[in-house]
Amino acid sequence: MRFDIITIFPEFFYALNDYGVVGKAVESGKIKINPVNLRDYSQDKHKKVDDEIYGGGPGMLMSPQPICDAIDDLKSENSKTIFMSPQGKNMDNDMVIELSSFEHLIILCGHYEGVDQRIIDNYIDMEISIGDYILTGGEIPAMALIDSVSRFIPGVLGNSDSAVSDSLYNDLLKYSVYTRPADFRGMKVPEILLSGNHKLIEEWRMENSLENTKNKRPDLYEKYLKNKV
Ligand code: 4GM
């Protein structure tokens, strides 16, 4: 999977190449992260990439020319273009799984008041939001998307990682987990988890998963009950 990111802050993305699970996936060639500096495509002599908004109003908008030229340069037969925007469809696990099936994603990070609408209408396949809040730029949402999508690319998570148990408890929150010591300052690990009885442990985890979901995310719990029948 190749990620091209169109951004005015390419340095933001260097960390993804260097650290943790995503860094390893880059190293082994399972993913490629290619930050592209939008200013390199500006035809303006001062490398300007923004302009005032027609009709008036505060703030600036990203100009169409540099974005358009960057997308034309980067696109391939199998690429999808994504715009990170608070007005996009909210990203969830199902969307992330769908995105992980594409070969090549081109992600546009917005700034200022956003992007000229003609770009969104004609050059963007998907407008995606990571939640109902505003950030100063689309870089952090793009990093969240890349991190989350990478987890679903075969071989990126080792067997010991939790993608498997995550999908097992689909649509529910995870069960509570504990590590050594079994008694930490008088706080004890549930007895069943120390029993070695895998069937009982599995049952406890399913029960705990339901309980967690009911308490913390009643909306997900209702959805789960509806889908079950
Ligand atoms: C306005 C329009 C994405 C602001 C487009 C981007 C939050 C999200 C921006 C933009 C963003 C989000 C930049 N803030 N919720 N700010 O995913 O790209």
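Q: Would you mind showing me how to read a negative patch on the surface here?
A: Taken together, Asp92, Asp94, Glu98 and Asp171 make up a surface patch of like negative charges. Tracing the sequence through the fold places aspartate 94 in helix 4 (residues 93-99).

Q: Help me out: how do you make sense of the packing of aromatic side chains in this one?
A: The description of an aromatic ring pair uses the distance of the two centres, along with the angle that the planes make with each other. Following the criterion strictly, the structure yields 1 aromatic pair and no others. Their ring planes at 25 degrees and their centres at 5.9 Å tell us that phenylalanine 9 and phenylalanine 12 sit as a pair that is stacked. Taking the relative accessible area as the measure of exposure, phenylalanine 12 reaches 37% and is therefore partly exposed. For the cation-ring pair, arginine 151 lies above phenylalanine 152, with the distance from its terminal atom to the ring centre recorded as 5.7 Å.

Q: Where do I start with helix 6 (residues 139-150) in this structure?
A: Since the α-helix turns once every 3.6 residues, residues separated by three or four places project in the same direction. With 12 residues, helix 6 should cover 16 Å at 1.5 Å per step; its first-to-last C-alpha distance of 16 Å lies within 8% of that length. The element helix 6 is largely enclosed, with a buried count of 9 among its 12 residues. Glu139, Pro141, Ala142, Met143, Leu145, Ile146, Ser148, Val149 and Ser150 are the residues of helix 6 that are buried.

Q: Please explain the site of the ligand as it appears in this structure.
A: Around the ligand sit 15 residues in total, of which Met84, Gly110, Ile130, Gly131 and Leu135 are the nearest. A distance of 2.8 Å separates an oxygen atom of the ligand from a polar atom in the backbone of isoleucine 130. Leucine 135 places a polar main-chain atom, nitrogen or oxygen, 2.9 Å from a nitrogen atom of the ligand. About the coverage of the ligand: the protein hides 95% of its 420 Å² of free accessible area. Counting residues per element, the shell around the ligand draws most heavily on strand 5 (residues 79-90), at 4 residues. In the shell around the ligand, the residues fall into 8 nonpolar, 7 polar and no charged.

Q: It is not clear to me how the pairing of strand 6 (residues 104-109) should be interpreted in this structure. Could you clarify?
A: Regular strands place their side chains on alternate faces of the sheet. Burial within strand 6 is extensive, with 6 of its 6 residues counted as buried. By the alternation rule, side chains of strand 6 split into His104, Ile106 and Leu108 and Leu105, Ile107 and Cys109, which are all buried. Relative to strand 6, strand 1 (residues 2-7) runs parallel, the two being bridged by 5 bridges. Residue pairing for strand 6: aspartate 4 is matched across the bridge by isoleucine 106. As defined by bridge partners, strand 5 adjoins strand 6 across 6 bridges and the pair is classed as parallel. Opposite serine 79, over in strand 6, you have histidine 104 as the bridge partner. Crossover connection from strand 5 via helix 4 to parallel strand 6: handedness right-handed.

Calculation rules
- Residues numbered from 1 in each chain as written.
- Predicted model: local features only at pLDDT ≥ 70, side-chain atom pairs only at ≥ 80, totals over all residues.
- Heavy atoms only, no water.
- Patch = residues over 30% accessible without salt bridge, like charges linked within 9 Å, V, L, I, M, F, W, Y side chains within 5 Å.
- Areas by Shrake-Rupley, 256 points an atom, 1.4 Å probe, with all protein chains shown as cover.
- Salt bridge = Lys/Arg side-chain N within 4 Å of Asp/Glu carboxyl O.
- Lys, Arg positive; Asp, Glu negative; His and termini not counted.
- Charge placed at Lys NZ, Arg CZ, Asp CG, Glu CD.
- Helix = DSSP H or I, 4+ residues; strand = E, 2+ residues; numbered from the N terminus.
- Phe/Tyr/Trp six-rings, centres within 6.5 Å; stacked < 30°, edge-to-face > 60°.
- Buried < 20%, exposed > 50% of the residue type's maximum accessible area, 1.4 Å probe, protein only.
- Lys NZ or Arg CZ within 6 Å of the ring centre and 35° of its normal.
- Expected span 1.5 Å × (residues − 1).
- Near = heavy atom within 4 Å.
- Polar contact = N/O pair within 3.5 Å; in protein donor to acceptor, adjacent residues only side chain to side chain.
- Nonpolar A, V, L, I, M, F, W, Y, C, P; charged D, E, K, R; others polar.
- Pairing = 2+ DSSP bridges.
- Right-handed = clockwise from strand over helix to strand, strands pointing away.

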